[in-house]
Amino acid sequence: MSRILIAEDDARIASFIEKGLRRSGYVTHVVADGVSAYELARGRDFDLLILDLGLPGHDGLTVLRKLRNARVTLPVIILTARDAVSDVVGGLESGADDYMSKPFAFDELLARVRLRLRLRREEPLDGFLLRVGDLVLDLRTRRVRAGNRVTDLSAREFALAEILMRNPDRVLSREQLLSQVWGFDYDPGSNIVDVYVRYLRRKIGAERVQTVRGVGYRLRV
Ligand code: CA
């Protein structure tokens, strides 16, 4: 049974969410301030956090940043006031997995909760994952998740993906990629890097690997 932590200081909203989730079979716990939210979310007792941004103590964004800084990968759905686009952007940049604008329909929240919990189950243990935005590479299984799509990578595709993801937004030359993925066994004039970038693009989405003309490639962030 999945356990969901709800951090919301508006008792009416907290109770609305809690009742709905309980009816759907989840175990819930409500806290009304950011300090308690952080302390509880840090432990291993919960599978998901629903986090209001306007909280006493630490605000929601601070809670989220502290959790991510502490390498807590718990899925987080943030709750924001309607139309606060900057909150949404700030939340996603700070490591939120999803967001809901208030007021919201409970069914929509439930759908998002289910999706996050399902993705969570498909994810391996912490520490073996490399993340760049919504691109997640599993270093043990060589599986990559791009958004909601999970794909297996071949050994070379995996090595290429790993180098790109360890250097996000940095231009890597063909020579760098060739020497790191293939060693020096290949002729520098070989087009093998371009061929594998094409394979990788098919699996993670073409737009994520940008061609820098005459130089090499860059993983878009
Ligand atoms: Ca609030």
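Up top is the structure these notes are about.
Okay, so let's go over this structure.

The rules we used
- Residues numbered from 1 in each chain as written.
- Predicted model: local features only at pLDDT ≥ 70, side-chain atom pairs only at ≥ 80, totals over all residues.
- Heavy atoms only, no water.
- Pairing = 2+ DSSP bridges.
- Helix = DSSP H or I, 4+ residues; strand = E, 2+ residues; numbered from the N terminus.
- Salt bridge = Lys/Arg side-chain N within 4 Å of Asp/Glu carboxyl O.
- Buried < 20%, exposed > 50% of the residue type's maximum accessible area, 1.4 Å probe, protein only.
- Contact = heavy atoms within 4.5 Å.
- Polar contact = N/O pair within 3.5 Å; in protein donor to acceptor, adjacent residues only side chain to side chain.
- Axes fitted to C-alpha atoms, helices over the stretch in contact; angles between N-to-C directions.

With respect to the pairing of strand β6 (residues 129-132)
Part 1: Relative to strand β7 (residues 135-138), β6 runs antiparallel, the two sharing 4 bridges. Bridging from a neighbouring strand, Leu-130 pairs with Leu-137 of β7.
Part 2: Linking two consecutive strands that pair antiparallel, namely β6 and β7, is a turn of 2 residues; a positive phi of about 60° is found at Gly-133 within it.

Let's talk about the pattern of salt bridges
Part 1: Tallied over the entire structure, the rule returns 14 salt bridges.
Part 2: For Lys-102, the salt bridge identified is with Glu-8, shortest N-O distance 3.0 Å. Of this pair, Lys-102 sits in strand β5 (residues 98-102) while Glu-8 sits in the loop between β1 (3-7) and α1 (11-23), and the two are 94 residues apart along the sequence. You'll find Lys-102 and Glu-8 in the same group, each marked buried.
Part 3: Put simply, Arg-166 and Glu-162 hold a salt bridge, and the shortest N to O gap is 2.8 Å. Within this pair, Arg-166 and its partner Glu-162 are both found in helix α6 (residues 155-166), separated by 4 residues, close to a single helical turn.
Part 4: One connected set of salt bridges, linked through shared partners, spans Glu-8, Asp-52 and Lys-102.

Digging into the environment of Lys-66
Part 1: Tracing the sequence through the fold places Lys-66 in helix α3 (residues 60-69).
Part 2: With relative accessibility at 30%, the residue Lys-66 sits in the partly exposed group.
Part 3: Taking the C-alpha atoms as reference points, Lys-66 and Ser-94, separated by 28 residues in sequence, lie 9.3 Å from one another.
Part 4: Residues contacting Lys-66, with those up to four places away along its chain left out, are Tyr-38 and His-58.

Some words on the side chain of Arg-145
Part 1: If you trace the backbone, Arg-145 turns up in strand β8 (residues 143-146).
Part 2: Using a relative accessible area of 11% as the deciding quantity, one classes Arg-145 as buried.
Part 3: At 3.3 Å, the side chain of Arg-145 forms a polar contact with the backbone oxygen of Gly-147.

Observations regarding the sheet that holds strand β4 (residues 76-81)
Part 1: If you walk across this open sheet you meet the 5 strands as β2-β1-β3-β4-β5, and the pairing is parallel. Two strands in the sheet have a free side with no partner beyond their single neighbour: β2 (27-31) and β5. Across this sheet, the average inter-strand angle for adjacent strands is 20°, counted without regard to direction.
Part 2: Taken together, the 4 bridges between β1 and strand β3 (residues 48-52) define a ladder with parallel strand orientation. From the neighbouring strand, Leu-5 faces β3, where its bridge partner is Leu-49.
Part 3: In the packing of α3 onto the sheet, the strands contacted are β3 and β4, and the crossing angle to β3 comes to about 145°.
Part 4: Relative to β4, helix α4 (residues 85-93) is tilted by about 165°, and along the sheet it contacts β4 and β5.

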